[in-house]
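What follows is each chain in one-letter form.
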Amino acid sequence: NSFVARTNTCGELRSAHVGQEVTLYGWIQYQRQGLFLVLRDFQGLTQIIIPQDEAHSHVKKLLSNAPVESVVRVTGIVSPRPPGQENPKMPTGDIEVKAETAEILNSCKKLPFEIKDFIKKSEALRMQYRYLDLRSFQLQYNLRLRSQIVMRMREYLCNLHGFVDVETPTLFKRTPGGAKEFLVPSREAGKFYSLPQSPQQFKQLLMVGGLDRYFQVARCYRDEGSRPDRQPEFTQIDIEMSFVDQAGIQRLIEGLLQYSWPEERGCITTPFPSMTYEEALADYGTDKPDTRFGMKIVDISDFLRRSDIQFVQNALSYPRGTVKAICIPQGVRYFKNKDLESLKESAKSQFNQEIMEIICRPDGSLKSLLTKFLGEEQQSELIQALNMQVDDVVLLAAGEHKQVCSALGSLRLESADLLEASGLVLRDPMTFHFLWVVDFPLFLPKKENPAELESAHHPFTAPHPSDTSLLYSDPTKVRSQHYDLVLNGSEVGGGSIRIHSAKQQRFVLEKVLKEDSEVLSHLLEALEFGAPPHGGIALGLDRLISLVVDAPSIRDVIAFPKSFRGRDLMGSVPDYVTPEELAPYHIQVSWPLAEKEAKQN
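Residues numbered from 1 in each chain as written. Predicted model: local features only at pLDDT ≥ 70, side-chain atom pairs only at ≥ 80, totals over all residues. Heavy atoms only, no water.

Colleague: What is the right way to look at the overall build of the protein in this model?
Modeller: When its secondary structure is counted, the protein shows 19 helices and 22 strands. By its C-alpha atoms, the protein is 95 × 75 × 60 Å across when sized along the principal axes. By the burial criterion, 47% of the 601 residues in the protein qualify as buried. Sequence-distant contacts in the protein: of pairs separated by 6 or more residues, those separated by 24 or more amount to 67%. Treating the 69 positive side-chain charges of the protein as one cloud and the 78 negative ones as another, the clouds have centres 3 Å apart. (Helix = DSSP H or I, 4+ residues; strand = E, 2+ residues; numbered from the N terminus. Buried < 20%, exposed > 50% of the residue type's maximum accessible area, 1.4 Å probe, protein only. Contact = heavy atoms within 4.5 Å. Lys, Arg positive; Asp, Glu negative; His and termini not counted. Charge placed at Lys NZ, Arg CZ, Asp CG, Glu CD.)

See the structure below:
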């Protein structure tokens, strides 16, 4: 309560304060028949008794007529609540404040929605009146916890481990590869700045500059259009170190998270488990596995290789052909026919992958189109291989390895959603499973042109030491020194050891990625002036906090987020600007005809 006029907050009064005169400031949460009201501030709630005697009639009139969410000052005496009227659900539930004087500091007009967490509100309305939504207990809790975690991270990095907090520029130039960047016009005709998708180049240049250990709570920008649960501007904990290897970065991050982890979320155990990209894809069908539950993908290629099933033999004839399956425990009990059809349709539409189901009947026999091709002994072996129990459902896929794994990985998560909708708890949101995924490929074929390559992470990632020679002979087989941190099936961090040789960096840009290296001439030149070996990582702060508080969206842990389509509904942004405002930037807007007519009307 330093620097302000109140004596106490609305959340701190207890029986020990009985008899004291206090002054509280806050919002009227609730008022009942001119008898009492509940006053709320950032810390909690206090019940205020409205005086009924003639001497305080002006106070009664003032407080009884004040609309809900008006801002008031109340001065009064702390009293114990009458026996039987205590409220154990409120931290201040043993006391009340008998008002003696009061002042309406600002009256509130009719609200677009009630400021209560249990009242359902459309997301569009919440975004339009974000300043009202911020008054809710949940958003207050989320933002305060976020602040505490960031503060602990600063302590760990700067005070305990000698990191230097450096702000890097927001206006810079285009980075080859990676996400699309926002352009900012300049007053030089035809020349534009780019908003950085991360401080990647700057943090590497800081290592060339000998700073040794850099960190920043960095604002980043990506023009990714309307992607669910993504933001065009977001925050990351950005880190870079000199003379470090992959294991060093991993130990640093494990220590950082352990130090900053909120007590109310329990302890996290280090070191975090690790798995290769290939293992993650083979077992979970994704590079960000949710390891809180089983239903792992099982390879049954060898078992079915001896069969006469045509589609199986066709699949296995491909270079990376495989047959794999997932077993859904008690699927018969929890899935309807339409659920199974929906899962099969999902695999077909998203991955062009056919799925066959196998059901274990109550007598232990199998129900499937496959069974007519399998003898009793083979069926028994299949049950054993998949560890099937009565009422389990198996989803089987045959085809190219990555396609099959990706399809089954997606079905694994969809099946978990269906099971949880039926009442099973598979993924406890208060259980936190961290996982390192390592040994990613350095390059991937471009989706639009598979003959060309793009960086799996970014073009500055160093090749795995064992694969350096392959960089020049067969870059598609090169593993990278790239590592991702996964929490409960979401990627919360990613980093790499960087290329510190100008010659190797130029080769990657020009020969492998076919990029114009001139755009990065400043970085390539810097690498020629004695650049130390270095590496780093960035933690997605918004995503991390949303998982810690079990928020349905990252928008619930950002004070002023953008909508699904990247708009600010509160300020109607983006907005039009006049031709006069555009003139200094040598820009004219070419309006589509329909939009032009709408604007004129």
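Colleague: Looking at this model, I keep getting lost on empty space enclosed by the protein. Mind explaining?
Modeller: Over the atoms rolls a probe the size of a water molecule, and in doing so it shows where empty space is left. According to the stated counting rule, one finds 1 cavity of 30 Å³ or more in the structure shown. If you add up the space inside the largest cavity, you get close to 50 Å³. In terms of lining residues, the largest cavity is bounded by M127, R130, F560, P561, D568, L569 and M570. (1 Å grid on protein atoms, 1.4 Å probe; cavity = no way out; pocket = protein on both sides within 12 Å on 5 of 7 lines; lining within 4 Å. Points joined across faces, edges and corners; volume = space filled by probe spheres on them.)

Colleague: Just checking my understanding: could you explain the sheet that holds strand β10 (residues 233–242) for this structure?
Modeller: Within a sheet, each strand pairs with its neighbour through backbone hydrogen bonds, oriented either parallel or antiparallel. Strand order in the open sheet made by the 8 strands is β6-β9-β10-β22-β21-β20-β17-β11, with mixed pairing throughout. Taken across any chain shown, the strands that pair with only one partner, and hence form the sheet edges, are β6 (164–165) and β11 (274–276). Sheet topology places strand β9 (residues 213–221) next to β10; 9 bridges connect them, and they run antiparallel. Note that in β10 the partner of F215 across the bridge is I239. Sitting on the sheet, helix α4 (residues 137–160) is in contact with β6, β9, β10 and β22 (534–540), with an inclination near 150° to β9. Sitting on the sheet, helix α17 (residues 541–548) is in contact with β10, β20 (482–487), β21 (490–497) and β22, with an inclination near 140° to β21. (Pairing = 2+ DSSP bridges. Axes fitted to C-alpha atoms, helices over the stretch in contact; angles between N-to-C directions.)

Colleague: Hey, could you run me through the pattern of salt bridges in this one?
Modeller: Where charged atoms from two side chains of opposite charge approach closely, those side chains can pair. Following the criterion strictly, the structure yields 35 salt bridges and no others. With its nearest N and O atoms 3.1 Å apart, the salt bridge here joins E354 to K348. With a closest N to O distance of 2.5 Å, D417 and R427 form a salt bridge. Remark: R427 occurs in the loop between α13 (401–421) and β17 (434–438) and D417 occurs in helix α13; sequence separation between them is 10 residues. Residues joined in a network through salt bridges with shared partners are R126, R130, D133 and D556. (Salt bridge = Lys/Arg side-chain N within 4 Å of Asp/Glu carboxyl O.)

Colleague: Is there a simple way to explain helix α5 (residues 200–208) in this structure?
Modeller: A turn of α-helix holds 3.6 residues, and therefore any two residues three or four places apart point the same way. Within α5, 7 of the 9 residues are buried, which leaves the element mostly enclosed by the surrounding structure. Positive phi shows up at G210, right after α5, with a value of about 80°.

Colleague: I tried to follow a nonpolar patch on the surface on my own but got confused; where do I start?
Modeller: A surface patch of nonpolar side chains, amounting to about 290 Å² of accessible area, comprises Y131, F560 and M570. With respect to the helices and strands, the residue M570 is situated in the loop between α17 and α18 (579–582). Taking the relative accessible area as the measure of exposure, M570 reaches 32% and is therefore partly exposed. (Patch = residues over 30% accessible without salt bridge, like charges linked within 9 Å, V, L, I, M, F, W, Y side chains within 5 Å. Areas by Shrake-Rupley, 256 points an atom, 1.4 Å probe, with all protein chains shown as cover.)

Colleague: Quick question: what am I supposed to make of the packing of aromatic side chains here?
Modeller: The geometry of two aromatic rings is summed up by the distance between their centres and the angle between their planes. With the rule as written, the count across this model stands at 12 aromatic pairs. Taken together, a centroid distance of 6.2 Å and an interplanar angle of 50° make the contact between Y30 and F36 tilted. Accessibility expressed as a relative area gives 17% for F36, which makes it buried. Each ring, one from Y129 and one from Y131, has its centre 6.2 Å from the other, and the planes form 80°; the classification is edge-to-face. Among the aromatic side chains, those forming a connected cluster through ring pairs are W261, F272, F432 and F434. The ring of Y259 has R152 lying over it, and the distance from NZ or CZ to the ring centre is 4.0 Å. A cation over an aromatic ring shows up here: R412 above the ring of F293, its NZ or CZ 3.8 Å from the ring centre. (Phe/Tyr/Trp six-rings, centres within 6.5 Å; stacked < 30°, edge-to-face > 60°. Lys NZ or Arg CZ within 6 Å of the ring centre and 35° of its normal.)

Colleague: What am I meant to see in unusual backbone geometry here?
Modeller: For residues besides glycine, phi is generally negative; the peptide bonds are generally trans as well. Along the chain, T270 connects to P271 via a cis peptide bond; the corresponding omega equals -5°. Looking at where P271 falls in the secondary structure, it is placed in the loop between α6 (246–260) and β11. Cis peptide bonds are those with omega within 30 degrees of zero, and the linkage from V573 to P574 qualifies with 5°. Relative to the helices and strands, P574 is located in the loop between α17 and α18. With a phi close to 75°, E69 is a non-glycine residue in the positive phi region. Looking at the element boundaries, E69 is found in the loop between α1 (57–65) and β4 (71–80). Of note, M295 is a non-glycine position whose phi angle comes to about 55°, a positive value. With a relative accessible area of 10%, M295 lands in the buried category.

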